[in-house]
Amino acid sequence: MARKFLVLGEVRDGSLRNVSFEAIGAAKLAADGGEIVGVLVGDSVQDLGNELIQFGADRVVAVENDQLKQYTSDGYAQALLAVIEQEKPEGIFFGHTALGKDLAPKLAGKLESGLISDVTSIEEEGGNIVFTRPIYSGKAFEKKIVTDGVIFATIRPNNIEPLAKDESRSGDVAALSVDIKDLRTIIKDVVRKASEGVDLSEAKVIIAGGRGVKSEDGFEPLKELAQVLGGAVGASRGACDADYCDYSLQIGQTGKVVTPDLYIACGISGAIQHLAGMSNSKVIVAINKDPEANIFNVADYGIVGDLFEVIPLLTEEFKKLKV
Ligand code: FAD
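What comes next concerns the included structure. Predicted model only: the values in this text are computed from it and were never measured.

### A few points about the nonpolar core
And step 1. Residues Phe 5, Leu 40, Leu 52, Phe 93, Ile 122, Phe 131 and Ile 155 are the most contacted members of the largest nonpolar core, which totals 30 residues.
And step 2. When contributions to this core are tallied by element, the ones reaching two or more residues are strand 1 (5-8), helix 1 (18-31), strand 4 (36-42), helix 2 (49-54), strand 5 (59-64), strand 7 (115-119), strand 9 (128-135) and strand 11 (151-155).
And step 3. If you tally residues by element for this core, the top one is helix 1, at 7 residues.
And step 4. Apart from residues no more than four positions distant in its own chain, Ile 155 is found in contact with Val 19, Ala 23, Ala 26, Phe 93, Phe 94, Gly 95, His 96, Val 119, Ile 122 and Ile 160.
And step 5. Ranked by size, the runner-up nonpolar core spans 27 residues in total, among them Val 37, Leu 99, Ala 104 and Leu 183.

Here is the structure:
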């Protein structure tokens, strides 16, 4: 049964986040040949509409307003409610990002609809759209359907393939004027933590360090390997608690949940709370000098050794492959 779905194109620093293209791929699976409408919200975003179309949206609705220059849940909710009112979709998909996790439940609550968060796959079964999501820190998966109201879903990054970009696709990018009023949050200034390189939650390759890295300087070989592989550096809570790195790098139950193509765990013991954030990575490599370390139970490849000897050797080998 063909259905209409909206997908929010999430914009960061003037570009669309990759997870938005994955959310279009997810919406295609759910729509069963129906229409996919991209939605853009901001102060100057309409130009990004074509990119959403090239990744599979049929057309785009853009809400531009000076008051939407910075994200506020109030402002974005007003914009999206106006788009939902105009389009009357069966569902609306977001990335499972800080923005999506904030906005989707707010809208679902306002419309008294169901929300399925952290979706990792979608299938059609007997006319129902079946959403799969991890539970119990990734130890099990549950399947859910929404029986009533607009379907809200957040899509976990790096799980559902985006469609291949097709530069020959074209479609309508229409402006929708929305009067944004009574904002309860006014953003005065945004101060960014200086972040190096690739965004952890969307990275295809992650080199993560644990307490075995031993110091802030101990992260340097990991950073070099990450640079050679075009990846990001992550950490266990053990490393963050020891002040070897910032908490923004923490992966796990109380940190970020990541699903890269390649996860290299260096000097990480593999506590259950850490596994909750990375065990769904496609290929896991563990480097640990303790052959009994629990991380080897989830690793596809294990290297028993001192990370300060092993990582430079790997970096040199990968450098050779690149030239
Ligand atoms: P350790 O357990 O100390 O392991 C260090 C490892 O490094 C050891 O296996 C050792 O053999 C190895 N090693 C040492 N030197 C070398 C070397 N030179 N070369 C190679 N290997 C070496 N943890 C998280 O990571 N993320 C979370 O989100 C998280 N949330 C938590 C929530 C709660 C409520 C609680 C109670 C705990 C949470 N933890 C979390 C903490 C978790 O239980 C562990 O304490 C933590 O993951 C341990 O970090 P680690 O593996 O780096 O350190």
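That was the structure; now back to the text.
### Some remarks on the environment of Leu 313
And step 1. Tracing the chain through its elements places Leu 313 in helix 8 (residues 307-322).
And step 2. Sequence-wise, Leu 313 and Leu 225 are 88 residues apart; in three dimensions their C-alpha atoms are separated by 9.8 Å.

### A look at the state of the cysteines
Where two cysteines share a covalent bond between their sulfur atoms, that bond is called a disulfide.
And step 1. Under the criterion given, the structure shown has 0 disulfides.
And step 2. The cysteine Cys 245 is free of any disulfide, with Cys 240 supplying the nearest cysteine sulfur at 3.8 Å.
And step 3. With no disulfide partner, Cys 266 has as its closest neighbouring cysteine sulfur the one in Cys 245, 12 Å distant.
And step 4. For Cys 266, a relative accessible area of 0% translates into the label buried.

### With respect to the packing of helix 5 (residues 220-229) against helix 8
And step 1. In the contact formed by helix 5 and helix 8, the axes pass within 9 Å of each other and the chain directions differ by 20°. Looking at the two axes, helix 5 sits roughly parallel to helix 8. The interaxial crossing formed by helix 5 with helix 8 has left-handed handedness. Contacts between helix 5 and helix 8 involve Pro 221, Leu 222, Glu 224, Leu 225, Val 228 and Leu 229 from the first element and Leu 307, Phe 308, Ile 311, Leu 314, Thr 315, Phe 318, Lys 319 and Lys 322 from the second.
And step 2. Classifying every residue of the contact of helix 5 with helix 8 gives 10 nonpolar, 1 polar and 3 charged.

### Quick word on the side chain of Thr 132
And step 1. Structurally, Thr 132 is set in strand 9.
And step 2. The class for Thr 132 is buried, based on a relative accessible area of 7%.
And step 3. Apart from residues no more than four positions distant in its own chain, Thr 132 is found in contact with Asp 118, Val 119, Thr 120, Ser 121, Glu 123, Phe 141, Glu 142 and Lys 143.

### Observations regarding unusual backbone geometry
And step 1. Of note, Asn 158 is a non-glycine position whose phi angle comes to about 70°, a positive value.
And step 2. Structurally, Asn 158 can be placed in the loop between strand 11 and strand 12 (173-175).
And step 3. A positive phi is found at Lys 214, a non-glycine position, where the angle reads about 75°.
And step 4. When you line up the elements, Lys 214 lands in the loop between strand 13 (205-209) and helix 5.

### Comments concerning the packing of aromatic side chains
And step 1. Inspection of the entire model under this criterion finds 5 aromatic pairs.
And step 2. When the centroid spacing of 5.0 Å and the interplanar angle of 50° are considered together, the rings of Phe 5 and Phe 93 count as tilted. Of this pair, Phe 5 sits in strand 1 while Phe 93 sits in strand 6 (residues 91-95), placing them 88 residues apart in sequence. Summarising the burial analysis for this pair, Phe 5 and Phe 93 share the class buried.
And step 3. On the numbers, 6.4 Å between centres and 20° between planes, the contact of Phe 94 with Phe 152 is stacked. With Phe 94 in strand 6 and Phe 152 in strand 11, this residue pair connects regions lying 58 residues apart in the sequence.
And step 4. Note on Phe 152: relative accessible area 0%, which makes it buried.
And step 5. An aromatic cluster of three or more residues is present, and its members are Phe 5, Phe 93 and Phe 131.

Definitions and limits used
- Residues numbered from 1 in each chain as written.
- Predicted model: local features only at pLDDT ≥ 70, side-chain atom pairs only at ≥ 80, totals over all residues.
- Heavy atoms only, no water.
- Core = buried A, V, L, I, M, F, W, Y, C linked by side-chain atoms within 4.5 Å.
- Buried < 20%, exposed > 50% of the residue type's maximum accessible area, 1.4 Å probe, protein only.
- Helix = DSSP H or I, 4+ residues; strand = E, 2+ residues; numbered from the N terminus.
- Contact = heavy atoms within 4.5 Å.
- Disulfide = S-S within 2.5 Å.
- Axes fitted to C-alpha atoms, helices over the stretch in contact; angles between N-to-C directions.
- Parallel < 35°, antiparallel > 145°, perpendicular 65-115°, else oblique.
- Left-handed = near helix turned anticlockwise from the far one by under 90°.
- Nonpolar A, V, L, I, M, F, W, Y, C, P; charged D, E, K, R; others polar.
- Phe/Tyr/Trp six-rings, centres within 6.5 Å; stacked < 30°, edge-to-face > 60°.

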